[in-house]
Amino acid sequence: MSVATQHPPGREQLGTFSPEPQPLSLLINGEVRTALADPATTLVEFLRDALGLTGTKIGCDRGACSACTVWIDGEVAASCMTLALDVRERNITTIEGLSRAGELHPVQQAFIEHDALQCGFCTPGMVMSCAQLVNRNPDCTLDDVKTAISGHLCRCGTYPNIFKATLAAAAASRKGKTK
Amino acid sequence: MSADAFEQRSLPAGIVGDAVKQVTRNVPRGEPPAWPANAELQVVGKDVPRMDALDKVTGRARYTFDVQLPRMLYARTLNSTVPHARIKSIDTSRAEKSPGVRAVHVLERLLMIAELRDPGDEASEPYPIVRFTGQPIAAVAATSARAAEAALELIRVEYEPIPHVTEFEDAIQSSSPPVFPGPTEQRATAGGGGAAQGLPQKGNLRGPSTGGSRGEIERGFKEADVVVEGEYRTQVQTHTPLEPHGIVADWRDEELTIYASTQHVMSVRDEAAEIFKLPKEKIRAISDYTGGGFGAKYGVGNYGTLAIHLSRKAGAPVRLVLDRREEHVSVGNRPSTLQRLKIGAKRDGSLTAIELHSFGTGGVAAGAGVGMCHHSMYPCPNVSIEHYDVFTNAGPCAAFRGPGQTQGIFALEQAIDAVAARLGIDPIAMRDKIDTRDADDVRARAAERRIGAEKFGWSRRRAPGSDAGPIKRGIGMAQSMWPYIVNSYTTCEIRIAGDGTVDAFCGTQDIGTGTRTVFAQVVAEELGLRAEDVRVHVGDSRFPPGPPSGGSRVTSSLTPAARNAAHAAARDIASRVAPLLKAPADELIFKKGHIERRGDSKTSLGFAEALRRAGIETLVHRADRRDDYEGYARKAGELNISPHAIGGVQFAEVCVDTQTGAVKVERMLAVHDCGRPINPKLVESQILGGVVQGVSYALYEDRRLDAATGVQLNANIDQYKIVGSRETPQIEVHLIELIGAQSSTDARGVAEPANVATAAAIANAFFNATGKRIYTLPMTPANVLAALRAE
Ligand code: FES
Ligand code: FES
């Protein structure tokens with residue numbers, strides 16, 4: 001994963017904050033992005049409504065469906081359960097930032113090949129969790145995949161193809177590494 | 001059409017690789033020649049990757065939920081806090097002055113719910129009567145969702161409570177408070193639904209409807225050697241699409257643009273036109289992506305009506321997306337049922353009598369039937385059907401994947417299994433004996449039983465309750481049936497530009513079923529191109545009319561029109577290119593990006609080059625979906641119902657812990673037919689989805705209301721249990737290729753048949769595991785332990 005080259009201002013520089021909206025800068029997909037936010041703004045609201053990064057979805061808005069999954073410092077997190085103010089100085093990756101220079105992450109590629117999506121609404125969240133698993137553990141097993149997405153809901157029932165796709169992506173990335 | 005509009009053709013028909021024979025059909029003149037089996041086609045029948053997959057895995061796919069327009073306002077809805085009441089007054093004055101608020105609107109009329117046959121049965125009221133907790137009353141549009149929500153708190157509603165009833169058992173009592181003061185009617189929506197007109201209604205019981213009854217039921221039971229009776233109960237299931245219902249309404253200068261999360265853009269346009277008295281041309285409904293629907297997303301609905309009013313009042317676009325509670329409560333569900341089913345059979349298995357006495361509870365909506373399976377799946381001379389809809393003060397039902405039929409098959413296929421057990425006949429042999437109508441679905445199921453039994457290891461099935469310990473395993477099977485439906489008013493347009501660009505248009509939509517992809521494949525096949533060479537345009541009401549994504553009818557309706565339009569375009573091109581190739585036009589074929597003379601690959605031109613050299617600027621061809629070659633058994637509005645249905649057979653292996661009551665589905669096999677599979681991979685995805693939803697219905701899902709307040713107790717995803725990765729069984733799918741000789745593509749749908757048989761297959765496996773019938777869904781520990789204790 002790429003390391004942040006530049007950090008937004010830290011807590012000390014912001015000073016105290018009021019309940020009114022004020023400018024907030026976050027490091028998102030390697031770029032500092034600034035927009036107005038009040039203290040109650042969740043990370044997913046900030047991404048979607050303030051920055052127009054609508055790839056991250058909301059299914060329940062209470063931590064139960066994982067449609068809103070992003071990475072915070074490379075770890076998966078529910079962005080509906082994260083306050084935007086709390087992730088200053090952190091490195092946020094969203095679905096829009098997963099592919100690099102037009103090259104898809106192996107998990108994205110495998111999702112396409114194995115048709116691991118139907119309506120696609122859960123897909124960005126699923127991809128973020130499965131990609132993180134494959135990055136972390138290219139030797140992952142079916143059980144690992146099930147665990148990685150156990151908090152995700154797919155109402156269209158794409159789970160079987162997500163299992164296949166993620167295991168195929170893991171296999172591909174193992175091959176890529178030994179080469 | 002006059003008789004000479006048809007010609008007799010000899011066409012292949014049957015199951016590919018099994019029994020294909022020539023049949024004679026009356027085919028409308030000008031139909032393209034029949035396609036050979038998929039193996040001989042270039043693009044159709046191939047696992048072409050889903051065309052919109054890239055947009056979906058990168059987050060670029062734009063759902064209604066993602067639409068952001070300049071000056072757009074956010075709306076939230078005020079919902080009733082009581083289950084049944086007259087509204088004496090509503091005061092919105094403080095909300096209107098709340099910061100950021102741009103418009104407030106109070107709903108004048110409620111859609112979706114049953115309506116009084118005689119409005120005079122109820123004194124006229126200034127506001128719609130509240131009939132369920134969570135009923136939408138008003139909405140606020142503001143500069144942020146939070147400002148809108150804050151303003152809702154300032155609206156004062158004065159209720160005058162009316163006695164209410166939420167539970168089925170209470171609602172059927174003659175002493176129950178009535179949900180409606182008189183007889184009602186339920187209008188159908190584009191998604192189907194609706195209820196038979198003019199039925200009697202007493203209290204909360206509307207019915208009986210007796211369709212399908214025949215013969216003399218008493219005589220049927222007298223002739224029977226065995227009679228099996230059971231009382232089956234199914235629960236309320238909510239659709240829970242991951243993207244809730246939502247609309248962005250943009251009203252300007254008497255023109256209305258609606259972005260909608262919908263299964264039918266045309267129904268959004270039409271309902272808005274009716275409510276707002278606008279000509280249809282003034283309305284444009286757009287749906288690029290829809291995050292699931294499963295039967296509940298048609299028209300503008302109450303929330304959409306509110307959003308449009310707010311947009312008109314505020315002079316700005318308004319976005320109204322339901323929250324998860326509203327989604328569970330107010331926009332549809334699968335009704336609960338009670339089915340008393342009694343079946344008589346002879347020693348050899350043949351059925352002599354089927355008697356069904358059933359109830360369906362669709363809350364404040366009628367149309368809670370239990371499908372057509374009891375009277376139409378298996379031949380039986382004596383059938384008696386009595387069905388009642390039961391009103392309760394609960395959110396309205398709506399069509400839900402295999403509406404009625406999923407509930408009905410749960411009862412019927414268990415009852416057939418029980419008859420077989422009583423007679424000592426193997427369940428598959430039993431179906432071989434009784435599943436004998438002369439129709440494609442019957443022939444398909446015969447093959448599917450054979451293939452499935454072999455693949456699943458049916459011969460290893462043991463006697464019921466064979467395991468000695470507390471953990472018991474078993475296998476079972478059940479059959480599916482769903483009508484093969486063709487939608488009237490389906491038109492496709494193909495535009496080919498001189499540079500070889502191909503665009504295909506239809507006012508249908510792709511809600512995740514793969515419509516864009518199959519559309520492109522069919523057009524590409526005719527033009528000898530790759531699917532990705534065809535740019536498909538759907539999800540816009542300005543396109544030629546297209547079918548709703550419901551009733552498993554898009555592929556069956558769309559693809560023949562698409563093929564015919566592309567075929568006409570190809571023949572047009574051939575006639576213009578023929579002089580260049582110095583070959584007769586009817587000998588030119590389209591293959592691998594080239595136009596060439598049949599059997600002579602040297603006389604050939606690249607597709608785009610041929611168009612350029614022929615001086616073609618733009619060609620436009622349109623074709624309608626013509627009627628099936630054998631016609632239809634019935635027509636209902638825009639629905640044409642074939643005498644041939646869609647089959648499917650599913651097998652389940654379950655593990656039951658008889659001490660805790662926990663049931664686990666370990667393995668499923670789904671063997672299905674959908675006519676000619678245009679894209680087997682996408683068909684498989686549909687079937688996997690149907691099975692996963694069926695497992696979820698069988699084991700977990702259950703909407704619970706608090707009887708005292710009508711409040712749904714589990715109106716979010718953490719409380720309303722749906723199958724997740726951990727509970728997903730191993731699922732194998734097997735698809736047969738069935739050529740019906742009915743249309744130019746012979747494709748049929750599959751979304752519904754894939755869901756219809758799952759719960760019944762699991763229930764039959766439960767019986768094989770434990771020796772006990774599970775009559776009640778879902779198979780929660782409490783229901784399972786009760787079933788195990790029963791005599
Ligand atoms: S939207 Fe965040 S977990 Fe559901
Ligand atoms: S693909 Fe529709 S919710 Fe997962």
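Residues numbered from 1 in each chain as written. Chains lettered and ligands numbered in written order. Predicted model: local features only at pLDDT ≥ 70, side-chain atom pairs only at ≥ 80, totals over all residues. Heavy atoms only, no water.

Caption draft 1: Local environment of helix 4 (residues 123–136) of chain A. Between its first and last C-alpha, helix 4 of chain A extends 20 Å over 14 residues, near the 20 Å set by a 1.5 Å rise per residue. Every buried residue of helix 4 of chain A is accounted for by A:Thr123, A:Pro124, A:Gly125, A:Met126, A:Val127, A:Met128, A:Ser129, A:Cys130, A:Ala131, A:Gln132, A:Leu133 and A:Val134. (Helix = DSSP H or I, 4+ residues; strand = E, 2+ residues; numbered from the N terminus. Expected span 1.5 Å × (residues − 1). Buried < 20%, exposed > 50% of the residue type's maximum accessible area, 1.4 Å probe, protein only.)

Caption draft 2: How the structure looks around the pattern of salt bridges. Residue and element names in this part refer to chain B. Per the counting criterion, the structure on display carries 70 salt bridges over all chains. Among the salt bridges present, the one from arginine 109 reaches glutamate 115, with a minimum N-O distance of 3.8 Å. Residue arginine 109 is classed as partly exposed on the basis of its relative accessible area, which comes to 42%. Each of the salt bridges in this network shares a partner with another, and the network as a whole consists of Asp432, Asp435, Arg437, Asp441, Arg445 and Arg449. (Salt bridge = Lys/Arg side-chain N within 4 Å of Asp/Glu carboxyl O.)

Caption draft 3: Just the domain arrangement of chain A, in detail. All names here are of chain A. Per the domain assignment, the segments making up chain A are domain 1 (18–97) and domain 2 (106–174). Using only C-alpha atoms to locate each centre, domain 1 and domain 2 end up separated by 22 Å. Contact residues are listed per partner, giving 16 residues for domain 1 and 13 residues for domain 2. Counting the surface lost from both domain 1 and domain 2, the interface buries some 1200 Å², and carbon and sulfur atoms represent 64% of this. Looking only at domain 1, the three residues that lose the most surface to domain 2 are Lys57, Trp71 and Ile95, adding up to 42% of its buried area. At the boundary of domain 1 and domain 2, one finds zero salt bridges. With three residues, strand 3 (residues 69–72) is the single largest residue contributor to the side of domain 1 that touches domain 2. Looking at side-chain class alone, the side of domain 1 that touches domain 2 contains eight nonpolar, six polar and two charged residues. (Domains from an automatic or database assignment. Contact = heavy atoms within 4.5 Å. Buried area = accessible area lost by both parts, 1.4 Å probe. Nonpolar A, V, L, I, M, F, W, Y, C, P; charged D, E, K, R; others polar.)

Caption draft 4: Examining the pairing of strand 20 (residues 351–361) of chain B more closely. Residues and elements named next belong to chain B. When you tally the buried positions in strand 20, you get nine out of eleven residues, the bulk of the element. Relative to strand 20, strand 19 (residues 336–345) runs antiparallel, the two sharing ten bridges. The residue bridging isoleucine 343 from the neighbouring strand is isoleucine 354, located in strand 20. If you look at the hairpin formed by strand 19 and strand 20, you'll find five residues sitting between the two strands, and glycine 349 has a positive phi there, around 105°. Two strands pair when backbone bridges link them, and strand 20 and strand 21 (residues 383–390) are joined in this way by seven bridges, in the parallel orientation. Bridge assignment links serine 358 to a residue of strand 21, and that residue is histidine 387. (Pairing = 2+ DSSP bridges.)

Caption draft 5: Structural context of unusual backbone geometry. All names here are of chain B. Here glycine 207 and proline 208 are connected by a cis peptide whose omega angle stands at 5°. Structurally, proline 208 can be placed in strand 11 (residues 205–209). Phi at alanine 741 takes a positive value of approximately 50°, unusual for a residue other than glycine. Backbone geometry at aspartate 746 places phi at a positive 65°, although glycine is not the residue there. Within the secondary structure layout, aspartate 746 lies in the loop between strand 36 (738–739) and helix 17 (753–756). Exposure remark for aspartate 746: the relative accessible area of 6% places this residue in the buried category.

Caption draft 6: Inspection of the nonpolar core at higher detail. A:Phe111, A:Tyr159, B:Leu341, B:Ile343, B:Leu351, B:Ile762 and B:Met779 are the most contacted members of the largest nonpolar core, which totals 125 residues. Tallying contributions element by element places helix 10 (residues 405–423) of chain B first for this core, with ten residues. (Core = buried A, V, L, I, M, F, W, Y, C linked by side-chain atoms within 4.5 Å.)

Caption draft 7: Quick peek at the environment of B:Asn382. Residues and elements named next belong to chain B. Tracing the chain through its elements places asparagine 382 in the loop between helix 9 (373–376) and strand 21. Taking relative accessible area as the criterion, asparagine 382 reaches 4% and is therefore assigned buried. Through-space distance from the C-alpha of asparagine 382 to that of glutamate 216 is 5.3 Å; in sequence the pair is 166 residues apart. Aside from chain neighbours lying at most four places away, what touches asparagine 382 is Arg214, Gly215, Glu216, Ile217, Gly220, Thr352, Ala353 and Ile354. At 2.9 Å, the side chain of asparagine 382 forms a polar contact with the backbone oxygen of threonine 352. (Polar contact = N/O pair within 3.5 Å; in protein donor to acceptor, adjacent residues only side chain to side chain.)

Caption draft 8: Fine view of the packing of helix 10 of chain B against helix 11 (residues 427–434) of chain B. Residue and element names in this part refer to chain B. Here helix 10 crosses helix 11 at 105°, and the two axes come no closer than 9 Å. Here helix 11 runs roughly perpendicular to helix 10, going by the angle between their axes. In this structure, helix 10 uses Glu413, Ile416, Asp417, Val419 and Ala420 to contact helix 11, whose residues at the interface are Pro427, Met430, Arg431 and Ile434. Grouping the constituent residues of the contact of helix 10 with helix 11 by class yields six nonpolar, no polar and three charged. (Axes fitted to C-alpha atoms, helices over the stretch in contact; angles between N-to-C directions. Parallel < 35°, antiparallel > 145°, perpendicular 65-115°, else oblique.)

Caption draft 9: Up close: the interface of chain B and chain A. Listed as interface residues are 53 residues of chain B and, on the opposing side, 49 residues of chain A. Of the roughly 4000 Å² buried at the junction of chain B and chain A (both faces included), carbon and sulfur atoms supply 54%. Of all residues in chain B, the largest losses of buried area upon contact with chain A belong to B:Val57, B:Leu242 and B:Ser725, amounting jointly to 18% of the total for that side. The partner of B:Asp718 in a salt bridge is A:Arg62, and the shortest N-O contact between them spans 3.1 Å. At the junction of chain B with chain A, the criterion picks out 26 residue pairs in polar contact (both at pLDDT 80 or more). At the level of elements, helix 1 (53–57), strand 13 (237–238) and helix 16 (680–699) of chain B are the ones that each hand at least two residues to the side of chain B that touches chain A. For the side of chain B that touches chain A, the per-class residue count stands at 20 nonpolar, 21 polar and twelve charged.

Caption draft 10: A look at the sheet that holds strand 26 (residues 534–537) of chain B. All names here are of chain B. The mixed open sheet is built from four strands, whose spatial order is 26-25-24-30. The open sheet has two edge strands with one neighbour each: strand 26 and strand 30 (618–624). When strand polarity is set aside, the average angle formed by the axes of neighbouring strands in this sheet is 15°. Bridge analysis of strand 24 (residues 491–497) against strand 25 (residues 502–505) gives four bridges, and the strand direction is antiparallel. Paired with glutamate 493 across the two strands is phenylalanine 505, which belongs to strand 25. Taken strand by strand, helix 13 (residues 515–527) contacts strand 24, strand 25 and strand 26, and its axis lies near 140° from that of strand 26. Its contacts with the sheet put helix 14 (residues 554–581) on strand 24 and strand 30, and the angle it makes with strand 30 is roughly 145°.

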